[in-house]
Each structure stands twice: as structure tokens, then as C-alpha cells.
Amino acid sequence: MSIIFNEGTKTFHLFNDEISYIMMVLPNGHMGQLYFGKRVHHRGDYSYLYETVPRPMTSYVFEGDRSLSLEHVKQEYGVYGTTDYRRPAVEILQQNGSRICDFRYRGHEVRRGKPKLPGLPATYTENEDEAETLVLTLEDPLTGAVLELLYTIFAKGGILARSVRITNKGAEVLHLTTAMSLCMDLPDCDYEWLQFSGAWARERHLKVRKLEQGIQAVDSRRGNSSHEHNPFIVLRRPGTNEFQGEVIGFSLIYSGNFLAQAEVDTHDTTRVLMGIHPMGFDWKLEPGESFQTPEAVMVYSEEGLNGMSQTFHRLYQRRLARGYWRDRPRPVLNNNWEATYFDFTEDRLVEIAGKAKECGVELFVLDDGWFGARSSDHAGLGDWVANPERLSRGITGLAERIEGLGMKFGLWFEPEMVNKDSDLYRAHPDWILSTPGRSISHGRNQYVLDFSRKEVVDCIYGMMAKILSEAKVSYIKWDMNRSITECYSQALPPDRQGEVFHRYILGVYDLYERLNTNFPHVLFESCASGGGRFDPGILYYAPQGWASDDSDAVERLKIQYGTTFCYPVSSIGSHVSVAPNHQVFRNTPLHTRANVAYFGTFGYELDLNKLTEEEQEEVKEQIAFMKEYREVLQFGTFFRLVSPFEGNITCWMVVSEDKKTAIAGWYRTLSHVNMPFTRVRLQGLDPDLCYEEQRSKKSYFGDELMNIGLITSDGMSGQVEENTGEYGDFDSRLYVLKALVS
Ligand code: GLA
């Protein structure tokens, strides 16, 4: 990896074995973008990539000169209103009412490694040889606003991490109204746009469309990254699929309001912008103050979507997630939510945990309902003290009983919320976000605490830390069950109200950071009514997240398949729940429910006592299987093979690092009669190794499995009357392949 600056041509070339990123200082001092893609030879002069021609109806920068219009030039951090008419990367409202800026290159610095972003989650290095960071400094001479554009190139992988720091070095107050993390001008628009969108219980469904002139965007203005959209988009060249072709993935390491958009202009260039949503954003910068944007990560791959995803998985698994649990296989858990909802006693919980222990479960999680006056979703949020009527010796007593069974104990919190029927709200009614004089909307009967205020975060931390210090709690499920409305903080002056959304999320990160630091062995799982805040920002603090409140195995195929485009299997919270399922009332076979949940953190969302003895035996086998293979399932190289968004069959697989073990999951939604023969071509195996498939005990070379394919129609009847009962709707199989090594 190298970052080279050519003084004569004012050109920067950042490269490693896979990618090149090239920029130059334009004649007016702005930064121009020249190339991002597959690695090319280094040369001192790439100025041939700087293209500009006089065109009708265009404005030009220099008087009497028609050579430079920013309208035609690809830039690093575009500004509106100085001949560039595209949406800007930065906008600053000045004291005289103007929003025009003119950022000129002033200097640069190359640093080994990667600097931390204060208060924000970001990728990191473990030693300084892993990456280099270029800091470009630009200045707007009139206002004294200074931009530092940060670019980190890692030694390995087609990854470029970017963020921006804006400092007011002038004498007047400035208002930052747009500050994107990334601006990427691409030379053409021959791309398809992929987004991962949906709704509650239908998160991260893949949607594809061709880029067209105009703006295409996904965003959130809900205060969380949302169920509706994810801060992740992909541009791929037409003809690209999972296995080959060029793609660029764009991911924002942030959990609040975001915007990700591509603007195709009249000349077919594409500007990608990604960052905090500018709508309502207004950050006051007093002289001397700075603002740091969240980090955005771009991944380039010429090995199709799987190639891109695998790069994101490695990066987010090893250099975004942190701490004790980062590299550790995750405990098999049993959560009581769908087993009891609010209706439980201590003895009932211990009964559920007892059976779970007998089946091999390692962690019992007590969900909502254990605190304050919480017996429904109308009361109690904010009072993080155990309800003595339910838990006579508090969390300490229950945790002891669970530990006494030989299991770990985990607990649910929803730290950011409050019910009006709570001691916390009665004591501090001004602690919720609400706009003076306006009615306050609720969501699930609850209100949002003003996490932009340190005293609020301190108070919640105090309650949580007390429980974690007193009781043996090994895991926390951190929930967030509503979006923000009437966003306004009682503690901030009028000209800082545009900061509240961002300050709120900084408060969330602060609380996470304090808990991570002081309770380093606690495993955190994030949740927001399922997958409403499943984003890289949270992965920095919680290495796994409950992917969706929809626990039906068939529904989960799309949710989990869509999630893997950016996020590693080790981050995907997935559990076996009862049949009929509580969300869609579908009956799926127990083996299919497990076969889907194995490709995630794995656990049970039910009372195992209620299963038949035969089913309990099956559960024991499932848990034993998960324990044997979770290292490869959660940390192996993951490939999507057949998409649930395209048909009746879904298939995906993982391969261990040494390529000696591979597991393919094959799922068929509806059963049909008299079907064609089918095969799936596997990926990532060693072509020369011979693998034994554990069900059939038949063996094949890796090259056979990858080129000819694994036969998936074996044993399938052509006729209904021959059905053994094994092949109905919602069937699935796992193919475990082990290399035969002498
Ligand atoms: C949310 C979560 C669920 C459960 C409930 C408890 O909906 O997504 O898993 O924890 O809250 O109220």
C-alpha cells in the first residue's frame, strides 16, 4: 500500500494490490477526482484524466477563460453555487446569509495507520502497518473554514475509508448545514443501483434499478438508521452477478439520520453522496470549533457481489467490531420473549432455562418486563430496577439461579426510552425530546429520552452499571422500539436545535462506550424492534444484532440473505421460534428453522418444555451441531449462491479458512411435483481436495463441486404417492462437506 504525491503535477495516487484512487489539485485549487477502481500502474502524471470542454449554457470559473467549469469536472468534495450545480458535499451558512464556499488545497499529510474519530465508531488498525491515511487540508479563505479530508487505504482489500473534519478558523460563527462523509464522482452512469430496504419485520430486501439521469436516494429521518432503508448501497456494472463483475459498495458507519444518493447529471457523470442527512441538520461552529463527520467505507471488487461482501465481512468482523467477543464463537441462547411475552414469574423463567440447559443452551436471556411497573408496554421504561413482585431477589437472585444451572445469564434493556408511567418521567418530565407548545407523538406508548444531554446518559448509565456490577449478567440485548418525532432538546438554545439528532446518537455511542469499557466481557446484542438499527455504527459496540422481529424461517431467508450483502454472519441474530410462527402463522419444519438460524448467532425464541420429546431430541442434536460448526458458520467465508429474491430456491454456503470444511444451506419454499433435476455450483473450495458429503457419505473433488455442481434433486420423487413425508413445503437441507485428508 502506498500514498504518493507528485509535486509537479499535484497528483495523489493511493493504491494497494487491488485498488487505485487518484486525485489532483485543479487549476482553481479545488480537489478533482480522477479515478477509483482496479489497481493501475503508478505514473507521475494522470492529468489526461482531467477532462474539460467549453459547453453552451455553462458558467466558468475564470473571467475571460472557458477552460474550467466545475459543472464538468469530477470533484472530491463538491460545493454548490460556484459553477457546480449538483447536490453539494458541504454547505456552510455564513453570517451574511451566503452559502457559497470556495475550498482550496492548502497542504497534506500522510500518516501511518488510522486516526481515531473522537466519539464516533470507525474502522481501526491494530498496528500501523495495516493502513495509511492521507489528510488533505483545504481552506475557504473568506470564512476561514478548513476542511480536512481523510482517506485511509488498507494494506489488504479493495477498501477506502473516508471522513471529513471541518474547523472554523475564522472569526465569525458558521452554521454547517451539509457535511457529507463521502462524495464520489464517477465518470459515467453505466451502473445498476442496489439498495436494501423494507419495513418492520421485512428488513433489508434487495431492490435493484438502473441508474438514470436525476437523483436516486435512500435515507432515514427517523433518528435511527431504520427498518425502511439501510445506510448501504451498491453500484454494479451491468452483467455483474454474485460471482463476477465490477461493483462498488458504499457503507456509512453511522446509526442516525442518513442520506445515500447517486445523482446522474446531464453529462452522465454520477455523484455519490453519503453522510448525515442534511434535512434539518444545522451544526453551529463557533470560532475554533470542529465537526467530525461519521466514516464512510467504499469497497471495490471485480469478483462480483460476493467478492465485495466478503471484503466488508472481514473488515467489519475484524476491524470494526471490537473487544472480547469479536473473534469468539457466540453462545447458543434461549430468549424468553416469544415464550412468555410479559407473562412470567421467576420460577417459570427458571423452568424454561432448565430445559434449555438440558438441551445444551449456554445463555438464558430475560427479555422485556422485568423492571419497574412493567407488566405491559404502557409502563416502566426508564426504571431500570427489578420488579420485586416478579423477581423477589432482584436480577442478582435470578442470575444466581440461572448460573446455578450451569448457564450464563443475559438481560434486556431499552435505555433510550421512557414511559410516562415511570418514576424517571415523573422526576424529569423535561428529559424527553419534545417541541415546546406542540403535542408529543408516542410510539408503542413510549417517549424518547434526550440523549443529547449528558445528565440523561449519566443517569441511565448509573442504573445499568449498578445491575451489571451487582449481578452476574453476561449479555445485554439493547433495544430501541420507536423512531424520533418532534425532535427538540430543552437543554439547547434555538440556534443549536439542528444538532439534536446527531447529538442524540453521540449520546447513544457514549453510553455504549462506557458500558463496553467498564464491562468488557459483556456481550451486547443490538435491536430496534428487530432490525431497525442494524448498521455498522452499532457493530462497533455490539458485535451482533437481532436482525428482525420476523422469526419465520421462510421470511428470514430474504432478510438474512439481504443482510449478508454488507454484514457478516457473526453479526446476524437469528433464532428458532415456534410453529405456527407468531408473525406469519406459518408452519415450518423444525429442521428448516434451525437450518436458517445456523447462519447467524443461533438460539431459541421459545419454551423448549412445550416441544414434544422427539422435538427436544432434535433440538439437542441441533445445538450439538451448532457447537461443532459455529466457528466456520459464523467466521468462515460466506457465499450467496441462489437468491430468494429470484425464485423458489435459496442457497448459501460457508467455507472454513483452511478450506477443509464447508457447509451449504439449501432451502425450497414450495414443494412441486415432477421437478427437473437440479444442481448448485459451490464456491470457494480447494479444487484438489476431495470432500465427503456427510449425509450421503459420497465424496467429490472440490473442482467437481464448483464446476459440475452439487446435485440437490437426489432422492426426490417424481410422483406424489411415493412421498415419504420428507419433502413438503418449506423443506431444507444442510450439506456438510469435509475434506478427506490422509
Ligand atoms: C422489540 C424486540 C423484541 C422484544 C420486544 C420486547 O420488539 O425486537 O425482540 O425484545 O421488543 O418488548
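Rules behind the numbers
- Residues numbered from 1 in each chain as written.
- Predicted model: local features only at pLDDT ≥ 70, side-chain atom pairs only at ≥ 80, totals over all residues.
- Heavy atoms only, no water.
- Helix = DSSP H or I, 4+ residues; strand = E, 2+ residues; numbered from the N terminus.
- Expected span 1.5 Å × (residues − 1).
- Buried < 20%, exposed > 50% of the residue type's maximum accessible area, 1.4 Å probe, protein only.
- Near = heavy atom within 4 Å.
- Polar contact = N/O pair within 3.5 Å; in protein donor to acceptor, adjacent residues only side chain to side chain.
- Areas by Shrake-Rupley, 256 points an atom, 1.4 Å probe, with all protein chains shown as cover.
- Nonpolar A, V, L, I, M, F, W, Y, C, P; charged D, E, K, R; others polar.
- Domains from an automatic or database assignment.
- Contact = heavy atoms within 4.5 Å.
- Pairing = 2+ DSSP bridges.
- Axes fitted to C-alpha atoms, helices over the stretch in contact; angles between N-to-C directions.
- Phe/Tyr/Trp six-rings, centres within 6.5 Å; stacked < 30°, edge-to-face > 60°.
- Lys NZ or Arg CZ within 6 Å of the ring centre and 35° of its normal.
- Core = buried A, V, L, I, M, F, W, Y, C linked by side-chain atoms within 4.5 Å.
- Parallel < 35°, antiparallel > 145°, perpendicular 65-115°, else oblique.
- Left-handed = near helix turned anticlockwise from the far one by under 90°.
- Salt bridge = Lys/Arg side-chain N within 4 Å of Asp/Glu carboxyl O.

S.K.: How do you make sense of helix 7 (residues 500-518) when you look at a structure like this?
M.R.: Residue pairs spaced three or four apart in an α-helix point in one direction, given the helix's 3.6 residues per turn. With 19 residues, helix 7 should reach 27 Å at 1.5 Å per residue; the first-to-last C-alpha distance of 27 Å fits that figure. Buried residues of helix 7: V500, H502, Y504, I505, G507, V508, Y509, L511, Y512, R514, L515 and N516, and no others.

S.K.: What's the story with the site of the ligand in this structure? I'm lost.
M.R.: Surrounding the ligand, one finds 13 residues, the nearest of these being D367, D368, R444, K477 and D549. Interatomic distance of 2.7 Å between a side-chain N/O atom of K477 and an oxygen atom of the ligand. A distance of 2.5 Å separates an oxygen atom of the ligand from a polar side-chain atom of D549. For the ligand, whose unbound accessible area comes to 310 Å², protein coverage reaches 95%. Considered class by class, the residues forming the shell around the ligand number four nonpolar, three polar and six charged.

S.K.: Explain the domain arrangement of the protein chain to me, please; I cannot follow it from the model alone.
M.R.: When the parts of a complex come together, some accessible area is lost, and that lost area is often taken as the interface size. Taken domain by domain, the protein chain consists of domain 1 (2-319), domain 2 (333-635) and domain 3 (649-739). Computed over C-alpha atoms, the centres of domain 1 and domain 3 are 42 Å apart.

S.K.: How should I be thinking about unusual backbone geometry in this particular structure?
M.R.: One can expect most non-glycine residues to show negative phi and most peptide bonds to be in trans. With an omega dihedral of -5 degrees, the bond running from A579 to P580 counts as a cis peptide bond. With phi around 60 degrees, F585 is a residue other than glycine that occupies positive phi space. Secondary-structure assignment places F585 in the loop between strand 29 (572-573) and helix 10 (590-597). Judged by relative accessible area, which is 64%, F585 ranks as exposed. At F602, a residue that is not glycine, the phi angle is positive and equals roughly 70 degrees. With respect to the helices, strands and loops of the structure, F602 is situated in the loop between helix 10 and strand 30 (603-604).

S.K.: Any chance you could explain the side chain of E414 here in plain terms?
M.R.: Locating E414 in the fold gives a position in the loop between strand 23 (408-413) and strand 24 (417-418). Filtering out sequence-adjacent residues up to four positions away, E414 remains in contact with L381, W384, Q446, D479, M480 and N481.

S.K.: Would you mind going over the sheet that holds strand 1 (residues 2-6) with me for this structure?
M.R.: The strands that make up a sheet pair up through hydrogen bonds in the backbone, lying either parallel or antiparallel. Sheet architecture is open: four strands sit in the order 1-2-3-4, paired in antiparallel fashion. This sheet does not close on itself; its edge strands, each paired only once, are strand 1 and strand 4 (31-38). Recorded for the sheet is a direction-independent mean angle of 15 degrees between the axes of neighbouring strands. Both strand 1 and strand 2 (residues 11-15) contribute to a ladder of five bridges, which runs antiparallel. In the sheet register, S2 faces strand 2, and the bridge partner there is F15.

S.K.: Teacher, can you tell me more about the packing of aromatic side chains here?
M.R.: Where two aromatic rings form a pair, the distance of their centres and the angle of their planes describe that pair. Under the defined criterion, the tally for this structure stands at 41 aromatic pairs. With a centroid separation of 4.9 Å and 55 degrees between ring planes, the pair formed by W283 and F291 is classed as tilted. Across the pair, F291 and W283 agree in class, each one buried. Taking the centre distance of 4.9 Å and the plane angle of 90 degrees together, the rings of Y540 and Y541 count as edge-to-face. The two residues Y540 and Y541 agree in class, both being buried. Joined through ring pairs, the aromatic side chains of F196, F232, F312, Y316, Y561, F565, F599, F638, F645, W652 and Y667 make up one cluster. One cation-aromatic arrangement involves R514 over Y461; the distance from NZ or CZ to the ring centre is 5.5 Å. One Lys or Arg, R733, reaches over the ring of W666 and ends 5.1 Å from the middle of that ring.

S.K.: Help me out: how do you make sense of the side chain of Q261 in this one?
M.R.: Residue position: Q261 is located in strand 16 (residues 258-264). Take Q261: its relative accessible area is 3%, and that puts it in the buried class. Not counting the four nearest positions on each side in its chain, Q261 is found in contact with R87, W193, I215, Q216, A217, R271, V272 and L273.

S.K.: I would appreciate a short explanation of the sheet that holds strand 35 (residues 690-693) in the present structure.
M.R.: Read across the open sheet, the six strands follow the order 31-32-33-38-35-36; overall the sheet is antiparallel. In this open sheet, the two edge strands, each paired with only one partner strand, are strand 31 (637-642) and strand 36 (699-701). The average angle at which neighbouring strand axes cross in this sheet is 25 degrees, direction not considered. Each of strand 31, strand 32 (649-655) and strand 33 (661-668) is contacted by helix 9 (residues 553-563), which is oriented at about 45 degrees to strand 32, the strand it contacts most.

S.K.: Can you help me understand the nonpolar core in this one?
M.R.: Here is a general trend for soluble globular proteins: nonpolar side chains tend to be buried in one another's company. In this structure, W370 and I395 are the most contacted members of the largest nonpolar core, which totals 195 residues. Among residues more than four places away in sequence, those in contact with W370 are F344, W384, V385, A386, N387, L391, I395, L411, W412, F413 and I467.

S.K.: Quick question: what am I supposed to make of the packing of helix 3 (residues 346-359) against helix 4 (residues 394-404) here?
M.R.: Between two packed helices, what matters for the description is the angle formed by their axes and the separation of those axes. Across the interface, helix 3 lies against helix 4 with an axial gap of 10 Å and an inter-helix angle of 25 degrees. For the element pair helix 3 / helix 4, the angle class is roughly parallel. Where helix 3 crosses over helix 4, the two elements pack in a sense that is right-handed. Between helix 3 and helix 4, the contacting residues are E346, D347, L349, V350 and A353 on the first element and L398, R401 and I402 on the second. Of the residues belonging to the contact of helix 3 with helix 4, the class tally is five nonpolar, no polar and three charged.

S.K.: Quick question: what am I supposed to make of the pattern of salt bridges here?
M.R.: Between side chains of opposite charge, a pair can form as their charged atoms come close. Taken as a whole, this structure holds 57 salt bridges when the rule is applied. Here E91 makes a salt bridge to R99, at a shortest N to O gap of 3.7 Å. Judged by its relative accessible area of 38%, R99 falls in the partly exposed class. The partner of D129 in a salt bridge is R112, with the nearest N and O atoms 2.4 Å apart. With D129 in the loop between strand 6 (104-112) and strand 7 (131-140) and R112 in strand 6, this pair connects stretches of sequence that are 17 residues apart. One salt-bridge network, in which partners are shared between bridges, spans E126, E130, R318, R319, R326 and D327.

S.K.: Teacher, can you tell me more about the pairing of strand 12 (residues 202-210) here?
M.R.: Of the strand pairs in this sheet, strand 11 (residues 192-199) and strand 12 are connected by seven bridges, and their pairing is antiparallel. When the bridges of strand 12 are listed, Q195 appears paired with K207. Adjacent in sequence and paired antiparallel, strand 11 and strand 12 are bridged by two residues, among which A201 carries a positive phi angle near 65 degrees.

S.K.: Explain the environment of N28 to me, please; I cannot follow it from the model alone.
M.R.: Within the fold, N28 resides in the loop between strand 3 (19-25) and strand 4. The exposure class assigned to N28 is buried, which follows from its relative accessible area of 10%. The sequence separation of N28 and V61 amounts to 33 residues, and the corresponding C-alpha distance is 7.8 Å. In this structure N28 touches V61, F62, L68, L70 and R104, once residues within four positions along its chain are discounted.

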